[in-house]
Amino acid sequence: MQVRIAPSPALNGAIRLPGDKSISHRYAILAALANGTTRLKNFSSGADPHSTLGCVAAMGLEVEKKEGEILVHGKGLRGLRAPAGALDAGNSGSTIRMLSGVLAAQPFSSTVFGDESLTKRPMKRIMTPLERMGARIEAVDGTYPPITIHGTRDLQAIHYELPVASAQVKSCVLFAGLSIDGETSVTEPHKTRDHSEVALREFGADIRVDGLTATIRGGRDLEPCELYVPGDLSGAAFFLVAALMSGEANVSLFDVGFNPSRTALIDFLVGGGGQVKILDVRSTGGELVGDLQVTTSRFAGGVIEGGMTAALIDEIPVLAVLGATSENGLTVRDAAELRVKETDRIATVAENMRRMGIEIDTAADGFHIPGKQRFRAAAVDSFGDHRIGMAFAVAGLVAEGGETVVNEAEAASVSFPEFFATLDAIRQ
Ligand code: S3P
């Protein structure tokens, strides 16, 4: 699907985001392991969390998709059944990596596969700790999907030091630890999103966090919950950047997730001079939710490196777009992980930037974009990557010389199927 983006002089209006993708995955997985029915409101409309739901349904659980809520009828830590066929994770790295922790603890073998992009994503990072715990895992070339997990009820508790900051790997190990009597712990090099720790607590697991180490004592039954999924802050990022760059913008965003392990985005934007006001913050299910108002601003640009890179990893494509028009440009370092996302995001950002006449220098683990540049309308591509397609649609809003065409725009549906309709609703 091609979407044409005409430049827009102004953006105005109020937006609601789909439920957070990261939180939706965790709720789907923990609901499947709880004893009874969990009700999930504002569950992500994105394809990825629905891949997770599809996988748990394939293991014998009833998942009811109703208007405005999803019911997962969990059967407890030992309630999953061997699937009849391979489990389909679609485009979703979160599904395959986090669910693997659960599959490692089952008394059956299961195979997980996905689309072409997923087939290129490394799984060694979850295989290493799960094999140390006692599961046996096969993968293509020792790391790529499809993977076959030979699970066991006899997993051993471990302490695992994550070599690379990854919330997915941390969650995988903690979820494997759910059914082990001893204490399983994970230490990360930088703080990553802690939705798993928060959700585990909500579902009644015995979990504690001390600095960069999370420890779970397994064997305790999970209680079903009623939960509201906050709006996706990573989805909000496209509209925050679009409004900051716009000639004249006043956009409000309601019910956005404000988990402190995700709000580095707000800090970065405000730190560079972005007029982003936080109107109200409340708490639901252990997560913070708030409303935002954003207006046109001059943005200074900046440097993203070290722990900041891990905290902003999903927002870097759209921040690159903002960086090109900023005063001083944007430098991103320590971001080799970008090369193994849904696409090699250093390469796909650079390719689209160049098509739109923007200068960018790339390195193995980052890039530099000088500031004060102007986007020229062009044909860009999502390359099948939702965040790349949405980021360059935002660039199209301020491009000179006509309409920008986003090829393979349907990729947005992985996290934000309503993205283009939402954009249309606020453009003037
Ligand atoms: C996610 C963690 C991040 C992020 C991904 C979602 C999660 O990946 O890029 O979109 O929900 O835990 P890594 O854990 O691989 O860094």
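Helix and strand counts for the protein chain come out as 13 helices and 23 strands. Here the protein chain has a C-alpha radius of gyration of 21 Å; the compact-globule value for 428 residues is 22 Å, and the two agree. With respect to the three principal axes, the spread of C-alpha positions in the protein chain is 60 × 40 × 40 Å. Looking at the 428 residues of the protein chain, the share that counts as buried comes to 61%. Counting contacts in the protein chain only where the partners sit at least 6 residues apart, residues at least 24 apart contribute 76% of the total.

This part takes up the packing of aromatic side chains. Aromatic ring pairs are defined here through the distance separating the ring centres and the angle between the ring planes. Taken as a whole, this structure holds 7 aromatic pairs when the rule is applied. Between Phe 238 and Phe 419, the ring centres sit 5.8 Å apart and the planes meet at 75°, which makes this aromatic pair edge-to-face. Residue Phe 238 is located in helix H7 (residues 233–245), and its partner Phe 419 is located in helix H13 (residues 419–426); the two are separated by 181 residues in the primary sequence. Judged by its relative accessible area of 0%, Phe 419 is buried. Three or more aromatic residues link up through ring pairs in this structure, and these residues are Phe 238, Phe 239, Phe 416, Phe 419 and Phe 420.

Let us look at the environment of His 368. Of note, His 368 is situated in strand E21 (residues 366–369). Residue classification places His 368 among the partly exposed residues on the basis of a relative accessible area of 29%. Each C-alpha atom of the pair His 368 and Val 303 lies 9.0 Å from the other, and the pair is 65 residues apart in sequence. Beyond its immediate chain neighbours, meaning those up to four positions away, His 368 contacts Leu 330, Thr 331, Ile 360 and Asp 361. Among the polar contacts listed, one links the side chain of His 368 to the backbone oxygen of Leu 330, at a separation of 3.5 Å.

Our focus in this paragraph is the pattern of salt bridges. Tallied over the entire structure, the rule returns 28 salt bridges. Note that Arg 282 and Asp 255 form a salt bridge whose closest N and O atoms lie 2.5 Å from each other. With a gap of 27 residues between them, Arg 282 in strand E16 (residues 275–284) and Asp 255 in strand E15 (residues 248–257) connect regions that are remote in the sequence. The partner of Glu 305 in a salt bridge is Arg 333, and the shortest N-O contact between them spans 2.8 Å. Of this pair, Glu 305 sits in the loop between strand E18 (302–304) and helix H9 (307–311) while Arg 333 sits in the loop between strand E19 (330–332) and helix H11 (345–355), and the two are 28 residues apart along the sequence. In this structure Glu 305 comes out as partly exposed when scored by relative accessible area, which is 37%.

Right, let's get into the sheet that holds strand E6 (residues 87–88). Sheet architecture is open: 4 strands sit in the order E6-E7-E9-E8, paired in mixed fashion. Of all strands in the sheet, those bounded by a partner on one side alone are E6 and strand E8 (136–140). Pairing of E6 with strand E7 (residues 109–113) involves 2 bridges; the strand directions are parallel. Of the residues in E7, the one forming a bridge with Leu 87 is Val 112.

The next point concerns the packing of H7 against helix H12 (residues 386–397). Across the interface, H7 lies against H12 with an axial gap of 9 Å and an inter-helix angle of 15°. Put simply, H7 runs roughly parallel to H12. Both H7 and H12 take part in a crossing whose hand is right-handed. Listed contacts from H12 to Ser 234, Phe 238, Val 241, Ala 242 and Met 245 of H7 are Arg 387, Met 390, Ala 391, Val 394 and Leu 397.

Criteria and cut-off values
Every chain's residues receive numbers from 1 upward, in the order its sequence appears when written. Where totals are concerned, whole chains, interfaces and linings use all residues; where local detail is concerned, this predicted model gives features only for residues with pLDDT of at least 70, and gives and counts side-chain atom pairs only at 80 or more. The basis for the side-chain values is all heavy atoms of the structure; hydrogens and waters are excluded. In DSSP terms, a helix is any run of H or I states spanning at least four residues, a strand is any run of E spanning at least two, and both are numbered starting from the N terminus. Each radius of gyration reported is based on C-alpha atoms, and the globular scaling rule is 2.2 Å times the count of residues to the power 0.38. Exposed residues in this analysis have more than 50% of their type's maximum accessible area, buried residues have under 20%, and partly exposed residues fall in between, with area computed by a 1.4 Å probe over protein chains only. What makes two residues a contact is simply this: any of their non-hydrogen atoms within 4.5 Å. Aromatic rings from Phe, Tyr and Trp, with only the six-membered ring used for Trp, were paired whenever their centres fell within 6.5 Å, and each pair was classed as stacked if the ring planes differed by under 30 degrees, edge-to-face if by over 60, and tilted otherwise. Nitrogen and oxygen atoms within 3.5 Å of one another constitute a polar contact, given that in protein one can donate a hydrogen and the other can accept it, and given that sequence-neighbouring residues count only through two side-chain atoms. A side-chain nitrogen of Lys or Arg and a carboxyl oxygen of Asp or Glu constitute a salt bridge if their distance falls within 4 Å. At least two DSSP bridges between two strands are required for those strands to pair. Only the stretch in contact is used when fitting a helix axis, every axis being a line fitted to C-alpha atoms; angles between N-to-C directions are given from 0 to 180 degrees. To sort the angles, those under 35 degrees are grouped as roughly parallel, those over 145 as roughly antiparallel, those from 65 to 115 as roughly perpendicular, and the leftovers as oblique. Crossings are sorted by hand: turned counterclockwise from the far helix by less than a right angle, the near helix makes the crossing left-handed, and turned clockwise it makes it right-handed.

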